[in-house]
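Read off the chains here:
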There are 2 protein chains.
Amino acid sequence: MSQTGAHPRRAPTMADVAQLAGVSHQTVSRVLSNHPNVRDTTRAEVQRAIEQLGYRRNSSARALVTRRTLTLGVVACNPTLFGPASTLFGLEEAARDEGYMVSAVTLRRYTAKALEEAIDHLSDWGVEGIVVIVPHREAVAALAELRLPFPVVTVEGGHSLPIAGVSVDQELGARLATSHLLGAGHRTVWHVAGPPDWLEAEARVSGWRSTLEEAGAEVPPPLVGDWTPLSGYRAGQELAGRVAAGSARRTSADVTAVFVANDQMALGLMRAFREAGLSVPGQVAIAGFDDIPEAEFFAPPLTTVRQDFAAVGQASIRLLVSQLETGATSRDGERVVIEPRLIVRRSSTTS
Amino acid sequence: MSQTGAHPRRAPTMADVAQLAGVSHQTVSRVLSNHPNVRDTTRAEVQRAIEQLGYRRNSSARALVTRRTLTLGVVACNPTLFGPASTLFGLEEAARDEGYMVSAVTLRRYTAKALEEAIDHLSDWGVEGIVVIVPHREAVAALAELRLPFPVVTVEGGHSLPIAGVSVDQELGARLATSHLLGAGHRTVWHVAGPPDWLEAEARVSGWRSTLEEAGAEVPPPLVGDWTPLSGYRAGQELAGRVAAGSARRTSADVTAVFVANDQMALGLMRAFREAGLSVPGQVAIAGFDDIPEAEFFAPPLTTVRQDFAAVGQASIRLLVSQLETGATSRDGERVVIEPRLIVRRSSTTS
DNA sequence: GGTAGGGCTGTGAGCGCTAACAATGGTCGT
DNA sequence: ACGACCATTGTTAGCGCTCACAGCCCTACC
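Residues numbered from 1 in each chain as written. Chains lettered and ligands numbered in written order. Predicted model: local features only at pLDDT ≥ 70, side-chain atom pairs only at ≥ 80, totals over all residues. Heavy atoms only, no water.

A. Region of the structure containing the overall build of chain A. Across its full length, chain A holds 12 helices and 12 strands. Structurally, chain A occupies a C-alpha span of about 95 × 45 × 35 Å along its principal axes. Looking at the 351 residues of chain A, the share that counts as buried comes to 55%. Total accessible area on chain A stands at roughly 15,500 Å², and carbon and sulfur atoms take up 49% of it. Within chain A, the 38 negative side-chain charges are centred at a point lying 4 Å from the centre of the 34 positive side-chain charges. (Helix = DSSP H or I, 4+ residues; strand = E, 2+ residues; numbered from the N terminus. Buried < 20%, exposed > 50% of the residue type's maximum accessible area, 1.4 Å probe, protein only. Areas by Shrake-Rupley, 256 points an atom, 1.4 Å probe, with all protein chains shown as cover. Lys, Arg positive; Asp, Glu negative; His and termini not counted. Charge placed at Lys NZ, Arg CZ, Asp CG, Glu CD.)

Take a look at the structure:
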């Protein structure tokens, strides 16, 4: 509307604004960066010119000279799952508040190669640092090898690396769930674990196992799933068989309580039990992990361990930004641990 | 390891590579952009120098001169939900394949102001175009006002705007579900709708209504939820009351079938029915929408309408990139419609 | 009244890269 | 043997911005 040039409408530059406002480009720059030493009338004039032209600072030029792209990268996998998605969300919001932009790259699978490519892609775009959501053993190892020229923060990357990281205390979560079930009078608690190469799965197994051991309870062999409802369903079918078998003669390893490593598998498990004619919590008590929004409305509502994913996202950005500002390229292993919380619902209560 | 300078290790520049390889910086540039007219031996030499120095092209400098940031923006809301998350995922992957980076901004709520801020934020970082996931009436209207200096593609933004867009045929989905239920012998089908200001909710209502009208069935007043399981639960409680009342004397508006506007609400609905002692599908048949991964494992498994979110993401990127390449800043209303598919499961089958 | 100092503004250089053109040397045709 | 032509390489000029510094003018102080 304002500018009807014959030229293909090149975006206005700082010089254009300067000319229109009758000042030098440097003064425009000062106005834009809120430098105090600009007369109010001048500032107003410049502002007016900026608005009139619809001027926007060219971020590339700015980045070139300041050597700051104000962009952070994120590498994530399975971003359609509730956990990663929530983390990503919290992370992006926190980054925006800190004045950074975030670019995400999502992986289909956690191979060292895919991870490296993702990081490469981010580097190409000049990110100043990255958050890697790598709850996966191989990926963490690969990351350790990389020695990147910018700060890295891991999420759920375990504590073995000299890299800053944020994680939820998975082991504590597992202990909470397991001891809750034991406390309800069950002789022991069975476990459906996540894939063995996932650190979170491992930590949950270990929390479950040690709780049983400390309580002097028998430790039944954990079943293994892959986080999907289907795998939980299969595990449920197997466990249902054992319940039936066990009911002939009672042993200390009867299946009366199951701690499932995530809510989706718990859902599958409950379907299998339902189909086998087993009542939950009547014959078998169940606890899950994550507290997805649906969990409260399962049949029956699922006892589970809530993780504050948004807090994880925020903490990881804080960690990353602090590294950026102190200029430390690799802070050896500063870690933030977030405590999960047990949410008790009907799937585990006998009343 | 290679470079042990006293200086704080400035990232190597093209000139550094050129010097090491004994060529001009322009030759390095040529190698990097795969220009054909470079002698093989020279190319190899340069490659070696690049690797030795760990050189990476400075994206800001490149963007400055080429006027291409190769970055696309995405604005989304509720990215923890399965639908938006999947769309985002598909979108990012497609963008990466096309050589673009994507930066996402997530909104807590769909206000015109939040949307504008998000787009502002993206503009500041120099995106070349944006995808806006705006299944929300007010947001769409606000977007139409904006007149942005770069291409925009909407997702689920309705067909009223002269803006390119991708959407799933929500109305068709609703028709599929509704006529499936009618086909199973129900006199009519009740509906639990999404929030009225959501275009998707509206389209589903309209598909449901017209299917009933065409079949000559009574159109009961739709209940309204907010996509959450809780709101579905409340709607379920209300409907359960009607079933009980209706059982006294049969009318043509008996609640024997319900089409719920998304799977999460359907889950809540089923819980309410369960608590009211109603059997699904025995007394009431239910169909949902979305086909979230959990739906297959609900009690009973949920009949629903599957949307191919990944395809939506891909299509939106294709549309955006094509606008970018043809140079059209606003292609008036090129649209891609993706057909949903009915997935029949136990919640709606009488057998 | 001279000089010091501070508020405000302009000038020049250069960030690292690509595009356009210039220069070089060799091959080929006649 | 000479010019045309091509492949290969170098040179130069910015892209739009910020930083460092240089100027100007006005107030304040001795």
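B. Local environment of the pattern of salt bridges. Tallied over the entire structure, the rule returns 24 salt bridges over all chains. For arginine 96 of chain B, the salt bridge is made with glutamate 92 of chain B, and the minimal N-O distance between the two is 2.8 Å. Placement of the pair is arginine 96 of chain B and glutamate 92 of chain B together in helix 5 (residues 82–97), with a separation of 4 residues, close to one helical turn. The salt bridge partner of aspartate 291 of chain B is arginine 345 of chain B, with a shortest N-O separation of 3.1 Å. Of the two residues, aspartate 291 of chain B sits in the loop between strand 9 (285–287) and strand 10 (304–306) while arginine 345 of chain B sits in the segment after strand 12 (341–343), which places them 54 residues apart along the sequence. Taken together, the salt bridges that share partners define one network made up of Arg56 of chain A together with Asp120 and Asp124 of chain B. (Salt bridge = Lys/Arg side-chain N within 4 Å of Asp/Glu carboxyl O.)

C. Up close: the protein's contact with DNA strand C. The environment of DNA strand C is formed by 27 residues, the closest being Thr27 and Thr42 of chain A together with Met14, Ser29 and Tyr55 of chain B. The side chain of serine 29 of chain B places a nitrogen or oxygen atom 2.7 Å from a phosphate oxygen of DNA strand C. Measuring from a phosphate oxygen of DNA strand C, one finds a side-chain N or O atom of arginine 57 of chain B at 2.9 Å. Top contributing element to the surface near DNA strand C by residue count: helix 4 (residues 59–66) of chain B, with 5 residues. Looking at the surface near DNA strand C, its residues break down into 9 nonpolar, 12 polar and 6 charged. (Near = heavy atom within 4 Å. Polar contact = N/O pair within 3.5 Å; in protein donor to acceptor, adjacent residues only side chain to side chain. Nonpolar A, V, L, I, M, F, W, Y, C, P; charged D, E, K, R; others polar.)

D. Layout of empty space enclosed by the protein. Tallied over the full model, the rule gives 3 cavities of 30 Å³ or more. The volume enclosed by the largest cavity comes to roughly 330 Å³. Of all elements in the fold, only helix 5 (82–97), helix 9 (199–214), helix 11 (263–275) and helix 12 (309–326) of chain A reach the threshold of two or more residues within the lining of the largest cavity. It is helix 5 of chain A that provides the largest number of residues to the lining of the largest cavity, a total of 4 residues. By residue class, the composition of the lining of the largest cavity is 14 nonpolar, 6 polar and 5 charged. Considering only enclosed or pocket space, the second largest cavity measures out at about 260 Å³ in volume. Secondary-structure elements contributing two or more residues to the lining of the second largest cavity are helix 5 and strand 2 (101–107) of chain A together with helix 5 and strand 2 (101–107) of chain B. For the lining of the second largest cavity, the element with the highest residue contribution is helix 5 of chain A, accounting for 5 residues. Of the residues belonging to the lining of the second largest cavity, the class tally is 15 nonpolar, 2 polar and 2 charged. (1 Å grid on protein atoms, 1.4 Å probe; cavity = no way out; pocket = protein on both sides within 12 Å on 5 of 7 lines; lining within 4 Å. Points joined across faces, edges and corners; volume = space filled by probe spheres on them.)

E. Layout of the protein's contact with DNA strand D. Near DNA strand D there are 26 residues, and of these Met14, Ser29 and Tyr55 of chain A together with Ser24 and Thr42 of chain B occur at the shortest range. Taking the atoms of DNA strand D that fall within 4 Å of the protein, sugar and phosphate contribute 61% of them. Take asparagine 58 of chain A: an N or O atom from its main chain is 3.2 Å from a phosphate oxygen of DNA strand D. The separation between a phosphate oxygen of DNA strand D and a polar side-chain atom of arginine 62 of chain A is 2.8 Å. Elements represented by at least two residues in the surface near DNA strand D include exactly helix 2 (25–32) and helix 4 (59–66) of chain A together with helix 2 (25–32) and helix 4 of chain B. By residue number, the principal contributor to the surface near DNA strand D is helix 4 of chain A, which donates 5 residues.

F. How the structure looks around the interface of chain A and chain B. The interface of chain A with chain B comprises 54 residues on the first partner and 54 residues on the second. Summing the contributions of chain A and of chain B, the shared interface buries around 4,800 Å²; its carbon and sulfur component is 58%. For the chain A face of the interface with chain B, the top three residues by lost area are Met101, Trp125 and Phe297 of chain A, together amounting to 16%. Where chain A touches chain B, the interface holds 6 salt bridges. Measuring nitrogen to oxygen at the nearest pair gives 3.4 Å for the salt bridge that ties aspartate 120 of chain A to arginine 56 of chain B. (Contact = heavy atoms within 4.5 Å. Buried area = accessible area lost by both parts, 1.4 Å probe.)

G. Representation of the packing of aromatic side chains within the structure. In total, this model carries 10 aromatic pairs over all chains according to the counting rule given. Between the aromatic rings of tyrosine 110 of chain A and tryptophan 198 of chain A, the centroid separation amounts to 5.8 Å while the plane-to-plane angle is 75 degrees, which identifies the pairing as edge-to-face. Placement of the pair is tyrosine 110 of chain A in the loop between strand 2 and helix 6 (112–124) and tryptophan 198 of chain A in the loop between strand 6 (190–193) and helix 9, with a sequence separation of 88 residues. Of the residues examined, tyrosine 110 of chain A reaches a relative accessible area of 7% and is grouped as buried. Tryptophan 198 of chain A sits in the buried class, given a relative accessible area of 14%. For the ring pair phenylalanine 82 of chain B and phenylalanine 309 of chain B, a centre distance of 5.8 Å and an interplane angle of 85 degrees mean the geometry is edge-to-face. With phenylalanine 82 of chain B in helix 5 and phenylalanine 309 of chain B in helix 12 (residues 309–326), the pair connects residues that are 227 residues apart, well separated along the chain. An aromatic cluster of three or more residues is present, and its members are Tyr110, Trp198 and Trp227 of chain A. Above the ring of phenylalanine 289 of chain A, the side-chain terminus of arginine 204 of chain A is found at 3.8 Å from the ring centroid. In this arrangement the basic side chain of arginine 271 of chain A is found over the ring face of tyrosine 233 of chain A, its NZ or CZ atom lying 5.0 Å from the centre. (Phe/Tyr/Trp six-rings, centres within 6.5 Å; stacked < 30°, edge-to-face > 60°. Lys NZ or Arg CZ within 6 Å of the ring centre and 35° of its normal.)

H. Geometry of the relation of the copies chain A and chain B. Of the two same-sequence chains, chain A is brought onto chain B (RMSD 0.0 Å, axial shift 0.0 Å) by a rotation of 180 degrees. Here the transformation between the copies is reduced to the relation of a two-fold axis. Of all interface residues in chain A, 100% are interface residues in chain B too; the two copies therefore contact each other through one and the same surface. (Least-squares fit on C-alpha atoms with pLDDT ≥ 70 in both.)

I. Up close: the side chain of threonine 304 of chain A. All names here are of chain A. Position of threonine 304 among the secondary structure elements: in strand 10 (residues 304–306). Threonine 304 sits in the buried class, given a relative accessible area of 0%. Residues within four places of threonine 304 in sequence aside, it is in contact with Asp263, Gly288, Phe289, Asp290, Asp291, Arg341, Leu342, Ile343 and Arg345.

J. Structural detail: the UniProt feature "domain: HTH lacI-type" (unreviewed entry) in chain A. Using the residue numbers shown here, the UniProt feature "domain: HTH lacI-type" (unreviewed entry) corresponds to residues 12–66 of chain A. Here residues 12–66 of chain A runs as 69% helix and 0% strand, with 21 Å between its end C-alpha atoms. (UniProt positions renumbered as here; feature names shortened; annotations may be inferred.)

K. Representation of the environment of threonine 256 of chain A within the structure. All names here are of chain A. Assignment of secondary structure puts threonine 256 in the loop between helix 10 (229–246) and strand 8 (257–260). C-alpha of threonine 256 to C-alpha of leucine 122: the two residues are 134 residues apart in sequence and 49 Å apart in space. A polar contact of 2.8 Å, which involves the side chain of threonine 256, links it to the side chain of histidine 186.

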